[in-house]
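Structural overview
The lines below spell out each chain.
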Amino acid sequence: MGASSQISARSKARMEKSGMGRPNRCLLILGFVVFWWVIFFFNFLSIATPSEDGASSSRSIHIPFFSSRREPLKSSYPSPGKLSPSPVRRVEFTPLNEHLWKPLKMFGARDDRCAGRYVYVHRLPRDLNEGMLDDCQHLSLWTNMCKFTGNAGLGPPLEDKDNAFSDRGWYATNQFAVEVIFHNRMKQYDCLTNDSSIAAAIFVPYYAGLDISRYLWGVNVSTRDSGALRMVDWLVRQPEWRRMGGRDHFMVAGRITWDFRRKTEKEDDWGNKLFIIPEVKNITSLVIEASPWHFNDFAIPYPTYFHPTQDSDVVDWQVRMRGMERPALFSFAGAPRQQLRKSIRERIMDQCRESPQCKLLECDFGESKCHVPSAVMKLFEESVFCLQPQGDSFTRRSIFDSMLAGCIPVFFHPDSAYSQFVWHLPRNHRKYSVFISEIDIRRGNVSIESVLRQIPADEVLRMREEVIQLIPRLLYADPRQRLESMQDAFDVAVEAVIDKNANLRTTLLQGKDDDELRKLHKPEGAETDELDGSEESIRRWQSQAGRKK
């Protein structure tokens, strides 16, 4: 007994000296719980709502936000709703709001490079996307789209007849192929997940533009709406939809928004009613021209002819554009719009013809160099400024072809770019473009050449460099590859959707109303709710823009 006591005493002394001891199981469990509670508390910001009697609920948990060691997703140019810490509040945990805070919790996962960036892709019935390409000859009444759907939506490789292209990456890409390109790029996205509960965004790969393009002319409204209604019927049955009613979903519709906003059931009314369907109003829709009066669609760049496979392709092109000789002060490629009463194209073309400093490439439905991509790009590469008036709608593909060529765009209506491409272009439009009001052109009291000549040479160089710096985010890389260090138009759009969704989840957890939710969708400075095309509204916009200078 004495020896045993001595051994026990010595063992106890050694444990006390080394600070070691064997706690009982209860203490071990308690220590484990306290440890993880402290980690959870300090790793996340707290968001909450007061209970009905105004006091904090005792049945509340901390809602995870950004880890203190992780910065929010960054962008050099404005994207909607950059996340910022909210006042500390509490929210009662229920299974109903787990779908809001669980994706936000991913932002705090320090050991996961995809934390906060996961995207889940719905597996739609094939006839709602890639199945349409099997019948490519009937996708458009006017164009055989079969040649444009190859190479993952890029179309056939281009022949460089005018020495206007770099060595590789140039394709005859159709302006309405962006949804096919985007879908194929999404297949290469580095943070896809099969677990929709952790997804920051949920992608709906519906080829809305190709679907409606089959039926835009001479087809009854029920046929025009059939694909959209089938897509919605399938979508609302999915568990991912029921979590947030589609508010975390996004899709690409590769046409202008007006093709999806038919207001009546009249057979002679244009387009289908995809964006009018109540459920679809919750989805973030990416189009090549958005509506300034609706808050849940966003414009993304039209596809250009250039689709690089690696960063060096882009860098080499930027170097080439910086060194281009530009003998033309300004240029215009396009056709008159005589059927549009307010169109200023004829007046612009007249001014161009009269100026020795302007190059004009006239387009029509017959043989024209306008249909030769190398000729169009050559024109832009040799011009300092490129005129971009409205076409059949506010925007046009030529905006991005010209900027790809390092040409400074000249806009005549703010809805041609400034209220449209809010994720991809700088908020300060004076950094990269010139604005001349179409009102002054229509009245004949302004000379385009005189306005452009008055811009100092150093200012022109600065603007051109800004345009050239923007090139990566205005093009779509080859969807079969991925750029290493540059963000292209796809990357910018996906990051913006993720930021928007994260802000939306936080706002919903805070119990804010619909008016506050709407403010998340269009970033400050992009509002043109009162811009109705009238002279008074455009003048008002000019006045407001002048004060922000």
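Definitions and cut-offs
- Residues numbered from 1 in each chain as written.
- Predicted model: local features only at pLDDT ≥ 70, side-chain atom pairs only at ≥ 80, totals over all residues.
- Heavy atoms only, no water.
- Helix = DSSP H or I, 4+ residues; strand = E, 2+ residues; numbered from the N terminus.
- Buried < 20%, exposed > 50% of the residue type's maximum accessible area, 1.4 Å probe, protein only.
- Contact = heavy atoms within 4.5 Å.
- Core = buried A, V, L, I, M, F, W, Y, C linked by side-chain atoms within 4.5 Å.
- Polar contact = N/O pair within 3.5 Å; in protein donor to acceptor, adjacent residues only side chain to side chain.
- Disulfide = S-S within 2.5 Å.
- Pairing = 2+ DSSP bridges.
- Phe/Tyr/Trp six-rings, centres within 6.5 Å; stacked < 30°, edge-to-face > 60°.
- Lys NZ or Arg CZ within 6 Å of the ring centre and 35° of its normal.
- Salt bridge = Lys/Arg side-chain N within 4 Å of Asp/Glu carboxyl O.
- Lys, Arg positive; Asp, Glu negative; His and termini not counted.
- Axes fitted to C-alpha atoms, helices over the stretch in contact; angles between N-to-C directions.

Notes on the overall build of the protein chain
- Along its length, the protein chain carries 18 helices and 12 strands.
- Within the protein chain, the fraction of its 549 residues that count as buried is 54%.
- In the protein chain, 74% of the contacts between residues at least 6 apart in sequence involve partners at least 24 apart.

A look at the nonpolar core
- If you look at the biggest cluster of nonpolar residues, it comprises 104 residues, and the most contacted ones within it are Phe182, Met186, Tyr206, Leu274, Leu286 and Phe385.
- In this structure phenylalanine 385 touches Leu329, Phe330, Ser331, Cys407, Ile408, Val410, Val434, Leu452, Ile455 and Val460, once residues within four positions along its chain are discounted.
- In this structure, Trp170, Cys370, Leu379 and Ile468 belong to the second largest nonpolar core, which totals 24 residues.

Overview of the side chain of serine 419
- When you line up the elements, serine 419 lands in the loop between β11 (408-411) and β12 (434-435).
- Within the structure, serine 419 has its side chain in polar contact with the side chain of aspartate 415 (distance 2.4 Å).

Digging into the state of the cysteines
- By the definition in use, this model includes 5 disulfides.
- Each sulfur of the disulfide joining cysteine 363 and cysteine 370 lies 1.6 Å from the other. Between cysteine 363 and cysteine 370 the sulfur-sulfur dihedral comes to about -60 degrees; the bridge is accordingly left-handed.
- By relative accessible area, which is 19% here, cysteine 363 ends up buried.
- Taking the relative accessible area as the measure of exposure, cysteine 370 reaches 13% and is therefore buried.

What to know about the pairing of strand β4 (residues 201-204)
- What you see with β4 is no split at all: Ala201 and Phe203 on one side and Ile202 and Val204 on the other are buried throughout.
- Relative to β4, strand β3 (residues 119-121) runs parallel, the two sharing 3 bridges. Bridged to valine 121 within β4 is phenylalanine 203.
- Of the pairings in the sheet, the one linking β4 to strand β5 (residues 249-252) comprises 3 bridges and is parallel in character. Each bridged residue has a counterpart across the sheet, and for isoleucine 202 the counterpart in β5 is histidine 249.

With respect to the packing of aromatic side chains
- Following the criterion strictly, the structure yields 19 aromatic pairs and no others.
- Taken together, the aromatic side chains of Phe182, Tyr189, Phe203, Phe250 and Phe490 make up a single cluster linked through ring pairs.
- The ring centre of phenylalanine 176 lies 4.2 Å from the NZ or CZ of arginine 255, which sits over that ring.
- One Lys or Arg, arginine 397, reaches over the ring of tyrosine 305 and ends 4.0 Å from the middle of that ring.

Details of the pattern of salt bridges
- Inspection of every chain in the model, using the stated rule, returns 27 salt bridges.
- For aspartate 313, the salt bridge identified is with arginine 168, shortest N-O distance 3.0 Å. Highlighted residues: aspartate 313 in helix α9 (residues 311-322) and arginine 168 in the loop between α4 (150-153) and α5 (178-187), separated in sequence by 145 residues.
- Taking the relative accessible area as the measure of exposure, arginine 168 reaches 42% and is therefore partly exposed.
- The salt bridge partner of aspartate 248 is arginine 505, with a shortest N-O separation of 3.4 Å.

Considerations on the side chain of glutamate 179
- On the secondary structure map, glutamate 179 appears in helix α5.
- Although buried, glutamate 179 forms no salt bridge, and the nearest oppositely charged side chain, arginine 255, lies 7.9 Å from it.
- Among the polar contacts made by the side chain of glutamate 179, one reaches the main-chain amide nitrogen of leucine 210 at a distance of 2.7 Å.
- In this structure glutamate 179 touches Tyr206, Tyr207, Ala208, Gly209, Leu210, Val252, Ala253 and Gly254, once residues within four positions along its chain are discounted.

Comments concerning the sheet that holds strand β8 (residues 328-334)
- Strand order in the open sheet formed by 5 strands is β9-β8-β10-β11-β12, and the pairing between neighbours is parallel. The open sheet has two edge strands, β9 (358-362) and β12, and neither has a second partner.
- Relative to β12, β11 runs parallel, the two being bridged by 2 bridges. In the strand pairing of β12, valine 410 is matched with valine 434.
- Sheet strands in contact with helix α10 (residues 345-354) are β8, β9 and β10 (383-388), and its direction is about 130 degrees off that of β9.
- Each of β8, β9 and β10 touches helix α11 (residues 373-381); the most contacted strand, β8, lies at about 150 degrees to it.

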